[in-house]
Every structure is written in C-alpha cells, then in structure tokens.
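Analysis of the macromolecular model
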Amino acid sequence: MSLNLIHTADWHLGQTFFGYDREEEHDAFLKWLVATLAERQTDVLLIAGDVFDVANPSASAQRRFFRFLKEANRCNPHLQIVVVAGNHDSAARLESPIPLLEELNTSIVGIIKRTESGEIDFESLLVPLYNKEGKREAWCLAVPYLRQGDYPPSEETADTYIAGINRMYHQLYDYADAKRQAGEALVAMGHLHATGAELSDDDRSERIIMGGLESVSSETFDDGLAYTALGHIHKAQRIGGRENLRYSGSPLPMSFSETNYRHQVVEVSIDNGCLSTVEPLPVPVLTGLQRIPAQPAPPEEVLAQLAQLPVADADGNETPSLWPYLEVRVLLTEPDPGFRHRVEETLADKAVRLTSIVPSYPKREDDDTVSPLSYNDLQRIDPLDMLKHAFTSKYGGELPGEIESLFNNVMREVSL
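I will try to describe carefully the structure that is included in this document.

Right, let's get into unusual backbone geometry. With an omega of -10 degrees, the peptide bond between Ile292 and Pro293 qualifies as cis. Along the chain, Pro293 turns up in strand E15 (residues 289–297). The backbone of Gln41 shows a phi angle near 50 degrees, a positive value even though the residue is not glycine. With respect to the helices, strands and loops of the structure, Gln41 is situated in the loop between helix H1 (23–39) and strand E4 (44–48). Judged by its relative accessible area of 33%, Gln41 falls in the partly exposed class. Of note in this structure, Asn272 is not a glycine but carries a positive phi near 50 degrees.

This is how it looks when you write it as structure tokens:
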C-alpha cells in the first residue's frame, strides 16, 4: 500500500550555454538518474515539463531523451514515467511517439484534448499510478503548460488566465476524486509560475509573463492532493509553506544566477493514500560555474585574479568540455574596448571556458539628476544629442571627441 515517486523537471535537453554544448552534462545527469531510479526501486518518475530547451529540438537531444526512457525501463522494468509538456516544449511533437512509448510504460500529456461536444476531456489528463506489485495506488492529474483557451470556459465576461487555470485544476480534481477508490491518492503535475516562487535574477525562461498576471496561487491546488509536482521555476523550493507543493528545480544550472542553487530531484513516498516522506536527492555537479571576481572590481584587479586560475594540463589529460564556465565581472568608469582582448590573453592557458564579460559602473552622485527622455523629446532630439544623453546616463562625463567625430562621419555617409 505504498508508492515511491521521483519528481524532476526542466531538463532543457539540447541547451547551449553561451555557445557551449552541454551534451556531456546532460548525459551524466541522465546516467545518474537511471542508476538512482534502479537503486531506489522507484515506482513512478514525474517529469514536470521543459524536457527540451526549444520546441524544435535537435535530433541528438531527442535521441538522448528516448535513450534515457529505454535505459530507465531496462534497469527498472516496473518503472512508470509520466511526462507533461512545458512552455519550451512542442506539445504535439512531445506526444507524437506515444504509441511507441507506451511499450516503455511512459505516458505523455502535451495537448488539452476535447470531447465531441467541445468539453475538456478530463479522462485524457488522468494517469493511473501503480506500485511494484501492479496495484493502483494513485491517480495523477497530468496537466501540461496551459495556454489561453486550454482551460474550461467561464460564463463571466471578464474571464482571466488565472481564473481559467483555477477552474482547470478544481474541475479536474473533482473528476479524479469521484474516480478514486478508498486508499488511493491524488497527485498533480503542472508547469506554471506559482505566486511567491523565488526566481533567478537573469533567466529569461523563468521570466514572469503578462506582467505577473499568470501567477497561480497555492490555493489552486486542493488540500486533498497528496503531492503536487511543479516545473518552470529553476530553483528547488516549497510553495505557500506546503511540504507537498514543490518545484524540483532544474538538474543543471541554466544561468549564472543559479550558481548557488541546490540542483536536485525530489523523492516522495505515499502510504495508504497519504504523503509519507519528501526527500531531496542532490544531483552530482559535473561542470561548475565561476564568477570572478565575486563582486565587480577594477580591470587590473580582475586580470590579477584571472592570472591565478589553474593552468590547463599540458599533456591533454583533462577534458576541456568539462572545464568550469567563467563569467568575468568588471567595474568600469568608462568604456574599455581592449579589455576583452586582455582577458582572453590572460586566460589563454587556463582551464576555464569564458562565457561572458559583465561590465558595471559606479553610481554617480548626479544619477538622479539625469532625467529620462520623454516620447516628445525623442521626436525632436538631434541624433548626436541622443547619443550624448545615453553616454552621460551610463558612464557620466562628456562624450569623447573621437566618438563624436566617428558618429558625425557615419551620419554624413548615411545622408549621402
């Protein structure tokens, strides 16, 4: 009368990190996950969206996913896998191999199907979950990323996206609750942004859409749910203080703002229809992220720190594709076009992979006195004055004469 699940999400297979491919990192994670599922004799794996990084993934990314499904099934034959589409996935593409994947005990839900009368087909969103002995222990409310119109309609004229999502989960819960037998649990999945979730500083894939109007309250998920497995936010966390309402987070860092994240999957045990235990399982880190310096510093200080980095193995025993990713942070008082070249020279023999150089500028006393340009100002302003305004706003001081001369030459060429 027990069920052992592992909750994961946001794999983003096929992602490149500042131009570097991540195939070895993804292979290492998937190999670890296969071994973990077999070692812990997991009954159900829940993948809560964003399996791929783009809607049209590469052939190698798709092969990696299908190979994982095959290996997971081979090493743990009773394992059941439930996948829902995320906002990065193509729902139709993700569902296309369903006839074949059913042989691997894998269920995929990407498209919200409707009956002949136009109603939501709730039955297609329910997946029965079985234990090792083949006994049904729970029902999974497998809800993919919802777009406008995917949810049940409302008679109200001023309907909202959030209200639609609430209706979807509440009506699906009622439908599933009427089907389940005594002792069976209800487990939900979703790929969405929940109110109160902590976001990365600079990860565009997590950005709040529609000005925050899509933030879903924890009250959307009924208290009768034994566990809710969420995807979309890359930081592992509880929502609304509820132990059974969680983001698993991404297994790999998607940006430097995730440097200190605890990347993990979540193991969940359900006994007699009720949540028993929740245990995060850390994902081993194959490739690290380095920010040098920890806080932006002047150019010469930055270069001195970079010079102290380990030198690459001259005998070629190291694997460059596993060297840590490096973000360089520099504090500038004015533009320094030659700085990148000096950084690259300093790193020429270092065992790191340069991803980006992030400049910042000290706050000036007159920052508050430089007022933004209005729409009418932009209609009347001379292009050179606009350039001077932009330069002063960002760097302070006057526009250098050589830049002004170059700009005037370009403008003369354009006018000809």
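We are not done yet, so read on.
What follows concerns the nonpolar core. Within the largest apolar cluster, 57 residues are counted, with the highest numbers of intra-cluster contacts made by Leu46, Val82, Leu129, Leu141 and Met168. Examining the composition of this core, we find that eight residues originate from one element, helix H5 (residues 161–179), more than from any other. Those residues in contact with Leu46 that lie beyond four places of it in its chain are Leu5, Ile6, His7, Thr8, Val82, Cys140, Val187, Met189 and Ala229.

Now for the packing of aromatic side chains. Counting across every chain of the model gives 14 aromatic pairs. Ring geometry for Trp11 versus Phe68: centroids 5.2 Å apart, planes at 90 degrees, classification edge-to-face. Of this pair, Trp11 sits in the loop between strand E1 (2–8) and strand E2 (16–17) while Phe68 sits in helix H2 (residues 59–75), placing them 57 residues apart in sequence. Here Trp11 falls in the buried class, since its relative accessible area comes to 0%. On the basis of relative accessibility, which here comes to 3%, the residue Phe68 falls in the buried class. Pairing Tyr20 with Tyr325 gives two aromatic rings, centres 5.9 Å apart and planes at 45 degrees, and the pair type is tilted.

Moving on: the pattern of salt bridges. Once the charged atoms of two side chains with opposite charge are near each other, the side chains can pair. Evaluation of the coordinates by the stated rule reveals 20 salt bridges. For Asp27, the salt bridge identified is with Arg64, shortest N-O distance 2.5 Å. You can see Asp27 sitting in helix H1 and its partner Arg64 sitting in helix H2, a full 37 residues away along the chain. A salt bridge links Lys179 to Glu123, with the shortest nitrogen-to-oxygen separation between them at 3.5 Å. Placement of Lys179 in helix H5 and of Glu123 in the loop between strand E6 (106–109) and strand E7 (126–130) is noted, with a sequence separation of 56 residues between them. Owing to a relative accessible area of 35%, Glu123 belongs among the partly exposed residues under this scheme. A single network of salt bridges, built from pairs that share partners, joins Glu23, Asp27 and Arg64.

Turning next to the environment of Pro310. Position of Pro310 among the secondary structure elements: in the loop between helix H6 (299–307) and strand E16 (325–331). We classify Pro310 as exposed; its relative accessible area is 54%. Distance from Pro310 to Lys350, taken between C-alpha atoms, is 5.8 Å for residues 40 residues apart in sequence.

Attention shifts here to the sheet that holds strand E11 (residues 237–239). Taken in spatial order, the six strands line up as E7-E8-E9-E10-E12-E11 in an open sheet, and their pairing is mixed. At either end of the open sheet lies a strand with only one pairing partner, and these are E7 and E11. Recorded for the sheet is a direction-independent mean angle of 30 degrees between the axes of neighbouring strands. When strand E8 (residues 136–142) meets strand E9 (residues 185–191), the two strands line up parallel, connected through five bridges. Residue Leu141 lies in a different strand from E9, and its bridge partner there is Ala188. Packed on one face of the sheet, H5 meets E7, E8 and E9 and runs near 155 degrees to E9.

With that settled, consider the pairing of strand E17 (residues 353–360). By the bridge criterion, seven bridges tie E16 to E17 in an arrangement that is parallel. By the bridge assignment for E17, Arg329 is matched with Val358. Following the chain from E16 across helix H7 (residues 339–346) to the adjacent parallel E17, one finds a crossover that is right-handed.

Quick look at the packing of H1 against H2 now. H2 packs onto H1 with a crossing angle of 15 degrees between their chain directions and a minimal axis gap of 9 Å. Considered as vectors, H1 and H2 are oriented roughly parallel to each other. The way H1 lies across H2 gives a crossing that is right-handed. Mapping the contact onto sequence places Glu23, His26, Asp27, Leu30, Leu33, Val34, Leu37 and Ala38 in H1 and Ser60, Arg64, Arg67, Phe68, Glu71, Ala72 and Cys75 in H2.

Along the chain, Asp349 turns up in the loop between H7 and E17. For Asp349, a relative accessible area of 39% corresponds to the partly exposed category. In this structure the C-alpha to C-alpha distance between Asp349 and Leu309, which are 40 residues apart in sequence, comes to 9.4 Å. Once you skip the residues sitting within four places of it in the chain, Asp349 turns out to touch Pro310, Val311 and Ala312.

Let us now look at the environment of Pro362. By secondary structure assignment, the location of Pro362 is in the loop between E17 and helix H8 (375–380). Residues in contact with Pro362, not counting those within four places in the same chain, are Leu331, Leu332 and Thr333.

Judged by its relative accessible area of 8%, Arg64 falls in the buried class. A polar contact is formed between the side chain of Arg64 and the side chain of Asp27, at a distance of 2.5 Å. Dropping the residues within four chain positions of it, Arg64 is found in contact with Leu13, Glu23, His26, Asp27 and Leu30.

Basis of the calculations
Residues numbered from 1 in each chain as written. Predicted model: local features only at pLDDT ≥ 70, side-chain atom pairs only at ≥ 80, totals over all residues. Heavy atoms only, no water. Helix = DSSP H or I, 4+ residues; strand = E, 2+ residues; numbered from the N terminus. Buried < 20%, exposed > 50% of the residue type's maximum accessible area, 1.4 Å probe, protein only. Core = buried A, V, L, I, M, F, W, Y, C linked by side-chain atoms within 4.5 Å. Contact = heavy atoms within 4.5 Å. Phe/Tyr/Trp six-rings, centres within 6.5 Å; stacked < 30°, edge-to-face > 60°. Salt bridge = Lys/Arg side-chain N within 4 Å of Asp/Glu carboxyl O. Pairing = 2+ DSSP bridges. Axes fitted to C-alpha atoms, helices over the stretch in contact; angles between N-to-C directions. Right-handed = clockwise from strand over helix to strand, strands pointing away. Parallel < 35°, antiparallel > 145°, perpendicular 65-115°, else oblique. Left-handed = near helix turned anticlockwise from the far one by under 90°. Polar contact = N/O pair within 3.5 Å; in protein donor to acceptor, adjacent residues only side chain to side chain.

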